[in-house]
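A structural walkthrough
Each chain is listed here by its residues.
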Amino acid sequence: MKGGRPGPSFDLVLTDTIDANGTAIVTSSAAGENSQESGELRGSFFTHYLLSGLRGAADANQDSRVTLAEVYQYAYGKT
């Protein structure tokens, strides 16, 4: 058990009107690599920074929107 537990729910408002489709898969490691976890965080370093980034820390240009590129760069830079 990694120590995760459900948190409170929240409303999500999607206002982005970009016509895009596809799938983005963001992983903490490549095939054959191990991911690192922290006892203090009680989970993965990468997941911690990915979620922090999605919550706003990755908003590099301060436009109140976090893009896939921003959150990837943030998580990559922190790990």
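Report follows, based on the coordinates. Quantities reported herein were computed from a predicted structural model and do not represent experimental measurements. Each chain has its residues counted from 1, following the order in which its sequence is written. For this predicted model, a pLDDT threshold of at least 70 governs which residues receive local features, and a threshold of 80 or more governs which side-chain atom pairs are given and counted, while totals over whole chains, interfaces and linings are taken from all residues. Computation of side-chain values covers all heavy atoms of the structure but excludes hydrogens and water.

1. Observations regarding the nonpolar core
For soluble globular proteins, the rule of thumb is that nonpolar side chains tend to be buried together. Just so we agree on the cut-off: Definition of nonpolar core: a set of buried residues of the types Ala, Val, Leu, Ile, Met, Phe, Trp, Tyr and Cys, connected through side-chain atoms within 4.5 Å. Any residue under 20% of the maximum accessible area for its type is buried, any over 50% is exposed, and the rest in between are partly exposed; the area is computed with a 1.4 Å probe on protein chains only. The secondary structure listing takes helices from DSSP runs of H or I that are at least 4 residues long and strands from runs of E that are at least 2 residues long, numbered from the N terminus. In what follows, a contact means two residues having at least one pair of non-hydrogen atoms within 4.5 Å.
Core analysis: the biggest nonpolar cluster contains 6 residues, these being F46, L50, A58, V71, Y74 and A75. Elements represented by at least two residues in this core include exactly helix 1 (45-57) and helix 2 (68-78). Take this core: its biggest share by element is 3 residues, from helix 2. Filtering out sequence-adjacent residues up to four positions away, A75 remains in contact with F46, Y49 and L50.

2. Side note on the packing of aromatic side chains
Keep this limit in mind: Centres within 6.5 Å are what make two rings of Phe, Tyr or Trp a pair, Trp counting through its six-membered ring; a difference in plane orientation under 30 degrees is then read as stacked, over 60 as edge-to-face, and the rest as tilted.
One pass over the full model with this rule turns up 2 aromatic pairs. A ring pair is formed by Y49 and Y74, whose centres lie 6.4 Å apart and whose planes are at 70°; its orientation type is edge-to-face. With a gap of 25 residues between them, Y49 in helix 1 and Y74 in helix 2 connect regions that are remote in the sequence. Assessed through its relative accessible area of 24%, Y49 is described here as partly exposed.

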